[in-house]
Amino acid sequence: MDIIWHKTSGQFHLFNDRISYIFGISPSGELAGIYFGKRIHDREDMSYIQIRVGMPNVAVDPATESYSMEINRQEYPSFGTTDFGTQAFEIETLNGSRVSSFVYKSHKISKGKEALHGLPATYADEKEAMTLEVELVDSVAEMTLILSYTIFDRYPVIARHATFKNNGAPRVKLTKALSCCLDLSDQNYEWMQFSGGWARERIPEVRKLSTGTVLIESKRGTSSANQNPFIIIKRPRTDDFAGEAFGFSFVYSGNFIAQAEGNNHDRLRILMGINPDRFEWPLEKGESFETPEVVIAMTDCGLNDLSQTYHKLYNNNLVRGKWKNRPRPILNNNWEATFMDFTEQSILKIAKKAKEAGCELFVLDDGWFGERNDDSAGLGDWIENPKKLPEGIAGLAKKVKALGLDFGFWIEPEMVNPDSNLYRRHPDWVLSAPGRKSSLGRHQLVLDYSRPEVVDAIYSMLCKVLKDAPVSYIKWDMNRSLTEVYSNDAPAELQGTIYHKHIMGVYALYERLRTAFPDILFESCASGGARFDAGMLYYAPQAWCSDNTDAMDRIRIQYGSSYGYPIVSIGSHVSAVPNQQTGRTVSIETRANVAYFGTFGYELDLNEISDEEFQEVKKQIVFMKQNRELIQFGTFYRLRSPFETEQNAWMVVSEDKKKAIVGFYCMRAKVYSLPGFLKLAGLDPDLKYRMEGKQYFGDELMNMGITLAEFYAKGFSVSEDYASFVTVIEAE
Ligand code: GLA
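Scoring rules and cut-offs
Residues numbered from 1 in each chain as written. Predicted model: local features only at pLDDT ≥ 70, side-chain atom pairs only at ≥ 80, totals over all residues. Heavy atoms only, no water. Helix = DSSP H or I, 4+ residues; strand = E, 2+ residues; numbered from the N terminus. Rg over C-alpha atoms; globule rule 2.2 N^0.38 Å. Buried < 20%, exposed > 50% of the residue type's maximum accessible area, 1.4 Å probe, protein only. Contact = heavy atoms within 4.5 Å. Areas by Shrake-Rupley, 256 points an atom, 1.4 Å probe, with all protein chains shown as cover. Lys, Arg positive; Asp, Glu negative; His and termini not counted. Charge placed at Lys NZ, Arg CZ, Asp CG, Glu CD. Core = buried A, V, L, I, M, F, W, Y, C linked by side-chain atoms within 4.5 Å. Near = heavy atom within 4 Å. Polar contact = N/O pair within 3.5 Å; in protein donor to acceptor, adjacent residues only side chain to side chain. Pairing = 2+ DSSP bridges. Domains from an automatic or database assignment. Buried area = accessible area lost by both parts, 1.4 Å probe. Salt bridge = Lys/Arg side-chain N within 4 Å of Asp/Glu carboxyl O. Expected span 1.5 Å × (residues − 1). Bend = angle between axes of the 7 residues up to and from the residue.

### Focus on the overall build of the protein chain
Counting secondary structure elements, the protein chain contains 12 helices and 39 strands. Taken over C-alpha atoms, the radius of gyration comes to 27 Å for the protein chain, in line with the 27 Å a tight globule of 732 residues would show. Viewed in the frame of its principal axes, the protein chain has a C-alpha envelope of about 85 × 70 × 45 Å. Burial analysis of the protein chain (732 residues in total) assigns 62% to the buried set. Here the contacts in the protein chain between residues at least 6 apart in sequence split such that 69% fall between residues at least 24 apart. As displayed, the protein chain offers around 27000 Å² of accessible surface, 50% of which is attributable to carbon and sulfur atoms. The protein chain carries 82 positive and 97 negative side-chain charges, and their two centres are separated by 2 Å.

This is the structure we're talking about:
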């Protein structure tokens, strides 16, 4: 890994063993992109790549007579230039002009990576990464722009963000400040997004790119289940096992856009950042604005490799604290078992059975506080309901501890029901526009986290509950999108800052709680997986993946999530059947075979299942305890896509390739059809492995594949809907 500055050509080359990222000062003084891809040799000057030809109807820079930005690649384009593509940022100066031009002034190359301010971001020490900061100035607007680039030693990854500073102009206004722009030199790519809605999150969708724009976004105040802030730009032939692709992962949990734009000169521009719609950030003299980070990964070996890069980078350089790289406790959550109708006695009964089964953590979900007996009241009143918990959270936690289980509970700290004491005391603490109605979502309003006193008040209430309570886990929920976004505390000219300040307030509360209670494992949640993003992983190393716990649907949701997020971050539980969301009945074996590929736990009352099933549950927990380190932190491969076939298969392989676990799922049986083969991946071709009592070479398993008929004998049948098996492969 190194970052080279070629002074004579004004070019930078960031590289490691796998990638090269090259850009430099363009003939007009701004920064221009040169190359991003597989590692290439370093050269003093690559400006030959810049095209300078007179063309009809192309505007050129007056200093050069032939250099047009439109037909060249740009690094972080601005408005009003010879580039007619979408700009990465926009600044309005006092005279109403939005034209800007930032030219190179200086740069700094350093080892490691500095933290962002109040924002989630990847981190790295001096051996793990190097950072380049390029300082650019716009002398008319009297502003500085710093573009930051971090290259990681072990990963084909560049992390980028930008910082704007007003150096002395009377007020300027940022009306757009994206985190990155990457121009590619042709348009023969496909776009892959991860979309859906409640209970069907992160479903991959692919489309061909050409001229024109593809854009996904969130304007909900949260990253959302509708669109995920992660996209892949891939060659049409790229699949999980081969081919070139770029990933763009936004380390942010609020409004965003991701965009690909092809112009008529075969240039493809990728942009990602805070959604400019509903964003306006005034900068007074001396003030600055820092964008969140985008993590751009590159592969020339297929999408499994791209996903593995994100899994490893996020586990090692994004997740922090005690739970970093630690196998996760097997939990039992009472939500689907009781909803809000419980007493301390009924909870302890469920917990006792969970302990008997081998679970390690009991989680009390919604309904323990205020007048919270259904979802119409109580949110915001973070004080235990004595009718349900006579000795409070502390009392229950101690009793659960005495059973031999750790204890955790549910909160939804960003919200308030109008029917709550908090709202009656502070009706102005919610986001709401003067004189207008306030829309409800699940009977609740959104607290205005742009106001520090609101965050303080919630923090103190939660600290009181946590004081003296042996709590080791918190499920942090967020169950509605933001509407009527207006802060009663901010002047007119700052209303455009509220969406961003609100999410900064959420991050601030997370940071305070995790600093005060460093041993607590946080699991983020938002009506299931509506805020499953890299920003959240910085604070909460796992996320409830979806309220849809049906094993067949979960295969698709977990498969889609695996493209951008580590397996250990995917909250996955076995729930009761018929499934509450789909009505489907799937065996307890298959439900567990899906849930193993995540954090693993149970979302039901284990007293309610048959003895036979309970014995099976005990075995499942023993299996997961033995194998979770490998499943959660091993190298994960998608083998067969549930979107292309009626089957799914995935596997994990240990770092030393001596052990692997394969999961195979028949989602819909095909009658009178031979079961076929499944080719494995990631093994050592020369090692001899043992699987189901027989010996195979690694190359046999990867090239010939495993004979699915083998599993017939063991009771697995491909002529049965929802059948599945999980098998362990070990080197001799
Ligand atoms: C959301 C979550 C669920 C559960 C309920 C509680 O829907 O996704 O898992 O916690 O809230 O109200």
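### Here's the deal with the nonpolar core
Residues F164, I233, F248, L364, W368 and F409 are the most contacted members of the largest nonpolar core, which totals 197 residues. The element best represented in this core is helix 6 (residues 452-466), accounting for 10 residues. The residues touching F248, leaving out its near neighbours within four places in the chain, are C180, L182, P229, F230, I231, I233, I270, M272, V294, V295, I296 and Y310. Grouped together as the second largest cluster of nonpolar side chains are 22 residues, A649, L678, I706 and L708 included.

### Looking at the site of the ligand
By nearness alone, 13 residues border the ligand, and D365, D366, K475, G528 and D547 come closest of all. One of the side-chain nitrogen or oxygen atoms of R442 is found 2.9 Å away from an oxygen atom of the ligand. Notes on the ligand: free accessible area 310 Å², of which the protein chains cover 96%.

### Quick look at the pairing of strand 22 (residues 361-364)
With burial as the criterion, each face of strand 22 is covered, one bearing L361 and V363 and the other bearing F362 and L364. Pairing of strand 21 (residues 331-333) with strand 22 involves 3 bridges; the strand directions are parallel. Bridge assignment links N332 to a residue of strand 22, and that residue is F362. Where strand 22 and strand 23 (residues 406-411) come together, 4 bridges link them in parallel fashion. Residue pairing in the sheet places F362 in a bridge with F407 of strand 23.

### Side note on the domain arrangement of the protein chain
Examined at the domain level, the protein chain breaks down into domain 1 (2-317), domain 2 (331-633) and domain 3 (640-731). Counting residues at the interface gives 18 residues for domain 2, matched by 21 residues for domain 3. Buried surface at the junction of domain 2 and domain 3, both sides included, amounts to about 1800 Å², of which 74% is carbon and sulfur. For domain 2, the biggest contributors to the area lost against domain 3 are Y559, F597 and L630; these three give 36% of the whole. Inspection of the domain 2/domain 3 interface yields 0 salt bridges. Our count for the contact surface shared by domain 2 and domain 3 stands at 6 residue pairs in polar contact (both at pLDDT 80 or more).

### Observations regarding helix 11 (residues 611-633)
Over its 23 residues, helix 11 runs 33 Å from end to end, which matches the ideal 33 Å to within 8%, given 1.5 Å per residue. Taking the largest bend as the criterion, helix 11 deviates by roughly 65°, centred on N627.

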